[in-house]
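Chain residues, written in single-letter form:
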Amino acid sequence: MRNWWKALTVILLLYTIIGGLLIPVPKQVILYESIRNLYFHVPMWFSMIFLFLMSVVYSIKGLSSNNLSHDTKARELVNAGIIFGILGTITGSIWAKFTWGAWWVNDVKLNGSAITMLIYLAYIVLRGSLDDEQKRARISAVYNIFAFVLLLVFIGILPRMTDSLHPGNGGNPGFNSYDTDKNMLMVFYPAVIGWILLGWWIASIRIRISTLEQKLEA
Amino acid sequence: METKFEFHYLCEKLGQIALSKEIVQLLKKDITVELRQKATLNGILLYVVSTVFIAYLIFSSIEELSTWVAILWIILLFASTNASINSFRKEAGREFFYYYSLAQPQAIILSKMIFNALLQLVIAGLTILLFTFLLGNPIENMRLFYLVLFLGSLGISTILSLSSAIASKTNNNATLTAILSFPIMLPTLLTAIKASMLCGLGFSWDECQVYIVTLALLNVVVIMLSYILFPYLWRS
């Protein structure tokens, strides 16, 4: 059973969707049933950060070994991460419309996500403007590492210094108010693992496709 | 055993001396070239003067602190971007091999960082002078504000140094420097703006401490990352 984790992904995500929509949740003012978006919106960001982190790992490996396959992996992990970032923004935007009353609010976490997208779009632009494969691998790896560390600083430090509408920031109640509800955690943790595995799955398929394409070209 | 250990120690020490010597020489070269040609310096001075003058014509005087701080940092950001865009132009072409054989990569990036930081400090000093002269100065705690200005300028110029080094390896240099550096510059910029606002309202060290320490840490992180990553960039 080499692909046991793919079966696990399917089971976890089926459980997330069915359980997430059916298992009772605590009634809270403003949030009501939209609280179920927690199983979809939050894991998107976890998956995105996980994919970007793995991309940086492959960038570091690529810099130390000069192996071009690491560069392919780093690129496709970034692409998959961007998909999850877009999904996280969409789910968050819909949730914001129904709870905060606007599609987009000036909030430190929203700005952080926008900046994350800008950084990785810049990464893609940078790759596009380099022709030589070796050079592209090396230079984009350097930018990937540099940007990711500063991104971690941004999303790690700054939200703690400013107010935010998100739970757990600036005097808002944190996840503690949900933590007391066992039903929600029973779906939330499997959902996080499931979505992260799905991200890894998507990335691995993309890596295989582009490796095959490179072989065809060569 | 002992002599071997001492030999290694000596080599390391010599390497450090060589590195700092190279940095000083490269810096001297950059400054001499800049003072002789004055292309970047004059351009930047004119840029700062004209943008501040435009702001003066629009606002005539700025009473609101947040507007004052925002315009100051926007002008600083764009002036420093213009100043740093071409900082690796001389090293990018045929001369690359000459520099490659001549100096360690660490010396090159550190000397560029110091040069850009000096340039940025000139820009910041001039901008703040012109702002005070034309638009007034609403900052209450000026001494702390200078520290924020210093650390913020340092952060902007160090990030721009590595970004323009990356961009100089491609063929659309000018646009790419801005695209690459603006998103990663935001933590530094936002922290600097927040700290400037607090200084402007007259808060003391105790209240601004968090932001100033964060700024200093960001600087350290950027300088260390550049020191580690630039050799890989340089080799390609």
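From a predicted model like this one, the values you see are computed outputs, not experimental measurements.

The rules we used
- Residues numbered from 1 in each chain as written.
- Chains lettered and ligands numbered in written order.
- Predicted model: local features only at pLDDT ≥ 70, side-chain atom pairs only at ≥ 80, totals over all residues.
- Heavy atoms only, no water.
- Helix = DSSP H or I, 4+ residues; strand = E, 2+ residues; numbered from the N terminus.
- Buried < 20%, exposed > 50% of the residue type's maximum accessible area, 1.4 Å probe, protein only.
- Contact = heavy atoms within 4.5 Å.
- Areas by Shrake-Rupley, 256 points an atom, 1.4 Å probe, with all protein chains shown as cover.
- Lys, Arg positive; Asp, Glu negative; His and termini not counted.
- Charge placed at Lys NZ, Arg CZ, Asp CG, Glu CD.
- Buried area = accessible area lost by both parts, 1.4 Å probe.
- Salt bridge = Lys/Arg side-chain N within 4 Å of Asp/Glu carboxyl O.
- Polar contact = N/O pair within 3.5 Å; in protein donor to acceptor, adjacent residues only side chain to side chain.
- Expected span 1.5 Å × (residues − 1).
- Bend = angle between axes of the 7 residues up to and from the residue.
- pLDDT = per-residue confidence, 0-100.
- Axes fitted to C-alpha atoms, helices over the stretch in contact; angles between N-to-C directions.
- Parallel < 35°, antiparallel > 145°, perpendicular 65-115°, else oblique.
- Left-handed = near helix turned anticlockwise from the far one by under 90°.
- Nonpolar A, V, L, I, M, F, W, Y, C, P; charged D, E, K, R; others polar.
- Patch = residues over 30% accessible without salt bridge, like charges linked within 9 Å, V, L, I, M, F, W, Y side chains within 5 Å.
- Core = buried A, V, L, I, M, F, W, Y, C linked by side-chain atoms within 4.5 Å.

**Considerations on the overall build of chain B**
Here is step 1 of the chain: The helix and strand tally for chain B stands at nine helices and zero strands.
Here is step 2 of the chain: Ordered by position from N to C terminus, the α and β elements of chain B give α-α-α-α-α-α-α-α-α.
Here is step 3 of the chain: With the principal axes as the frame, chain B shows a C-alpha extent of 65 × 40 × 30 Å.
Here is step 4 of the chain: Buried positions account for 48% of the 236 residues belonging to chain B.
Here is step 5 of the chain: Here the contacts in chain B between residues at least 6 apart in sequence split such that 85% fall between residues at least 24 apart.
Here is step 6 of the chain: As presented, chain B carries roughly 11,800 Å² of accessible surface, and 67% of it is formed by carbon and sulfur atoms.
Here is step 7 of the chain: Separation between the mean location of the 15 positive side-chain charges and that of the 13 negative ones in chain B comes to 13 Å.

**Quick word on the overall build of chain A**
Here is step 1 of the chain: Looking only at helices and strands, chain A features seven helices and zero strands.
Here is step 2 of the chain: Secondary structure elements in chain A, listed N-terminal to C-terminal, are α-α-α-α-α-α-α.
Here is step 3 of the chain: Buried residues in chain A amount to 50% of all 218 residues.
Here is step 4 of the chain: Put simply, 75% of the contacts in chain A that link residues at least 6 apart link residues at least 24 apart.

**Looking at the interface of chain B and chain A**
Here is step 1 of the chain: Taken together, the 30 residues of chain B in the interface contact 26 residues of chain A.
Here is step 2 of the chain: Regarding the contact of chain B and chain A, the summed buried area is about 2,600 Å², with carbon and sulfur atoms giving 83% of it.
Here is step 3 of the chain: Interface area lost by chain B to chain A is led by Ile184, Leu229 and Tyr232 of chain B, which between them contribute 20%.
Here is step 4 of the chain: Applying the counting criterion to the chain B and chain A interface returns zero salt bridges.
Here is step 5 of the chain: The tally of links between chain B and chain A comes to two residue pairs in polar contact (both at pLDDT 80 or more).

**Let's talk about the pattern of salt bridges**
Here is step 1 of the chain: For the structure shown, the criterion picks out five salt bridges over all chains.
Here is step 2 of the chain: Residue Arg127 of chain A pairs with Asp71 of chain A through a salt bridge whose shortest N-O separation is 2.9 Å. With Arg127 of chain A in helix H4 (residues 108–128) and Asp71 of chain A in helix H3 (residues 68–99), this residue pair connects regions lying 56 residues apart in the sequence. Comparing Arg127 of chain A with Asp71 of chain A, the two get one shared label, buried.
Here is step 3 of the chain: Note that Asp30 of chain B and Lys112 of chain B form a salt bridge whose closest N and O atoms lie 3.2 Å from each other.

**Looking at helix H9 (residues 205–235) of chain B**
Here is step 1 of the chain: With 31 residues, H9 of chain B should reach 45 Å at 1.5 Å per residue; the first-to-last C-alpha distance of 44 Å fits that figure.
Here is step 2 of the chain: In the structure, H9 of chain B departs most strongly from a straight axis at Leu229 of chain B, where the bend amounts to approximately 35° and where the proline Pro231 of chain B lies between one and four residues downstream.

**So, the confidence of the model for chain A**
Here is step 1 of the chain: Taken residue by residue, chain A gives an average pLDDT of 85. The fraction at 70 or more is 90%.
Here is step 2 of the chain: Per-element averaging of pLDDT across chain A places helix H6 (residues 176–179) of chain A at the bottom with 54 and helix H2 (residues 38–65) of chain A at the top with 92.

**Things to note about the environment of Lys38 of chain B**
Residue and element names in this part refer to chain B.
Here is step 1 of the chain: Examined against the element boundaries, Lys38 turns out to sit in the loop between helix H1 (2–37) and helix H2 (39–59).
Here is step 2 of the chain: When its relative accessible area of 38% is taken as the criterion, Lys38 is described as partly exposed.
Here is step 3 of the chain: Residues Lys38 and Leu144, 106 residues apart in the sequence, show an inter-C-alpha distance of 32 Å.

**Considerations on the confidence of the model for chain B**
It should be kept in mind that the predicted coordinates are not to be read in detail where pLDDT is low.
Here is step 1 of the chain: Across chain B, pLDDT averages 86, with 95% of residues at or above 70.
Here is step 2 of the chain: Helix H4 (residues 89–92) of chain B is the least confidently modelled element of chain B, averaging 73 in pLDDT, while helix H7 (residues 142–168) of chain B averages 91, the highest of any element.

**A few points about the packing of helix H6 (residues 105–135) of chain B against H7 of chain B**
Residue and element names in this part refer to chain B.
Here is step 1 of the chain: Contact geometry of H6 with H7 gives a least axis separation of 8 Å together with a crossing angle of 140°. Relative to H7, the element H6 is oriented oblique. Between H6 and H7 the crossing geometry is right-handed. Contacts between H6 and H7 involve Ile109, Lys112, Met113, Asn116, Ala117, Gln120, Leu121, Ala124 and Ile128 from the first element and Met142, Phe145, Leu149, Phe150, Ser153, Leu154, Ser157, Thr158, Ser161 and Leu162 from the second.
Here is step 2 of the chain: Taken together, the residues of the contact of H6 with H7 break down into twelve nonpolar, six polar and one charged.

**Details of the side chain of Ser84 of chain B**
Here is step 1 of the chain: Tracing the backbone shows Ser84 of chain B in helix H3 (residues 65–84).
Here is step 2 of the chain: Ser84 of chain B has contacts with Asn116, Leu160 and Ser164 of chain B, leaving out every residue within four places of it along the chain.

**Let's talk about a negative patch on the surface**
Residues and elements named next belong to chain A.
Here is step 1 of the chain: Taken together, Asp131, Asp132, Glu133, Glu213 and Glu217 make up a surface patch of like negative charges.
Here is step 2 of the chain: You can see Glu213 is positioned in helix H7 (residues 182–217).
Here is step 3 of the chain: Taking the relative accessible area as the measure of exposure, Glu213 reaches 45% and is therefore partly exposed.

**Some points on the nonpolar core**
Here is step 1 of the chain: By size, the foremost hydrophobic cluster in this structure holds 124 residues, and its most contacted members are Tyr143 of chain A together with Trp68 and Trp73 of chain B.
Here is step 2 of the chain: With 14 residues, H6 of chain B is the single largest residue contributor to this core.
Here is step 3 of the chain: Dropping the residues within four chain positions of it, Trp73 of chain B is found in contact with Val148, Leu149, Gly152, Ser153, Ile156, Leu189, Ala192, Ile193 and Ser196 of chain B.

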